[in-house]
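Coordinate analysis (summary)
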Amino acid sequence: MSRIGRAPIALPAGVKFENKDNVVTVSGPLGTLTQAIDPSIDVELKDGAIVCTRHSDDKDHRALHGLYRALINNMVTGVTKGFTKTVVVAGVGYKLALEGPTKLVMNIGFSHPVVVQAPQGITFELPQPLEIVVKGIDRQLVGQQAASIKAIKPVEPYHGYGFHYKDEVVIHKEGKKAAK
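Residues numbered from 1 in each chain as written. Predicted model: local features only at pLDDT ≥ 70, side-chain atom pairs only at ≥ 80, totals over all residues. Heavy atoms only, no water.

**Some thoughts on unusual backbone geometry**
What you tend to see is this: most non-glycine residues have negative phi, and most peptide bonds are trans. Its identity as a non-glycine residue notwithstanding, N22 has a phi of 60 degrees, on the positive side. Within the secondary structure layout, N22 lies in the loop between strand 2 (16–20) and strand 3 (23–28). Since its relative accessible area comes to 31%, N22 is described here as partly exposed. Although it is not a glycine, D47 sits at a positive phi angle of roughly 55 degrees. Within the secondary structure layout, D47 lies in the loop between strand 5 (41–46) and strand 6 (49–54). (Helix = DSSP H or I, 4+ residues; strand = E, 2+ residues; numbered from the N terminus. Buried < 20%, exposed > 50% of the residue type's maximum accessible area, 1.4 Å probe, protein only.)

Spelled out as structure tokens, the structure:
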């Protein structure tokens, strides 16, 4: 069996789990998430933990087993703790501003300010002048929003100007050398 798929998911206090017609719903203090589950995977609550089982040992069923267990685990984590992704802005004269928790205005060297409107369930924070924190309960949506912000101005390899994740290592290229 899949090592990831067979691991039970502990259900913290204050989190509600429901599986109805192969649609899993997890509700917690931060919100509610739903996920459609393939019919070949059974998801049920046993002894205060969510357990995923598969119908057979087919290759497709083995792959789905670990996938849906991981997705449900991310749902439980999202409704209890939430997810964050930090994007760092590097550049001379760049400025960031928030207009409410869901609208980000960036002056990043273009001829116009770039405005990013967050989708429902996502909020922005600016803990530092050039740091954007993307927060939400849906892990996929947080990562997608952070990636789309990062794609606005990718890191330039010679000076390091642009957007990168806080934990990302930016590799600088060596510039031209003067002739001897």
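Don't stop here, the text continues.
**Side note on the confidence of the model for the protein chain**
Of all residues in the protein chain, 98% have pLDDT values of 70 or greater, and the mean over the chain is 93. Least confident of the elements in the protein chain is helix 1 (residues 3–6), whose mean pLDDT is 85; most confident is helix 3 (residues 139–150), at 97. (pLDDT = per-residue confidence, 0-100.)

**Observations regarding the packing of aromatic side chains**
Under the defined criterion, the tally for this structure stands at zero aromatic pairs. When the ring centre of Y165 is taken as reference, the NZ or CZ atom of K85 above it lies at 4.6 Å. Over the face of the ring belonging to F110 we find K153, whose NZ or CZ atom lies 4.6 Å from the ring centre. (Phe/Tyr/Trp six-rings, centres within 6.5 Å; stacked < 30°, edge-to-face > 60°. Lys NZ or Arg CZ within 6 Å of the ring centre and 35° of its normal.)

**Considerations on the environment of Y161**
With respect to the secondary-structure elements, Y161 resides in the loop between helix 3 and strand 13 (162–165). Residue Y161 is classed as partly exposed on the basis of its relative accessible area, which comes to 36%. Through-space distance from the C-alpha of Y161 to that of I137 is 30 Å; in sequence the pair is 24 residues apart. Beyond its immediate sequence surroundings of up to four residues, Y161 is in contact with A90, G91, V92, Y94, P154, V155 and E156. (Contact = heavy atoms within 4.5 Å.)

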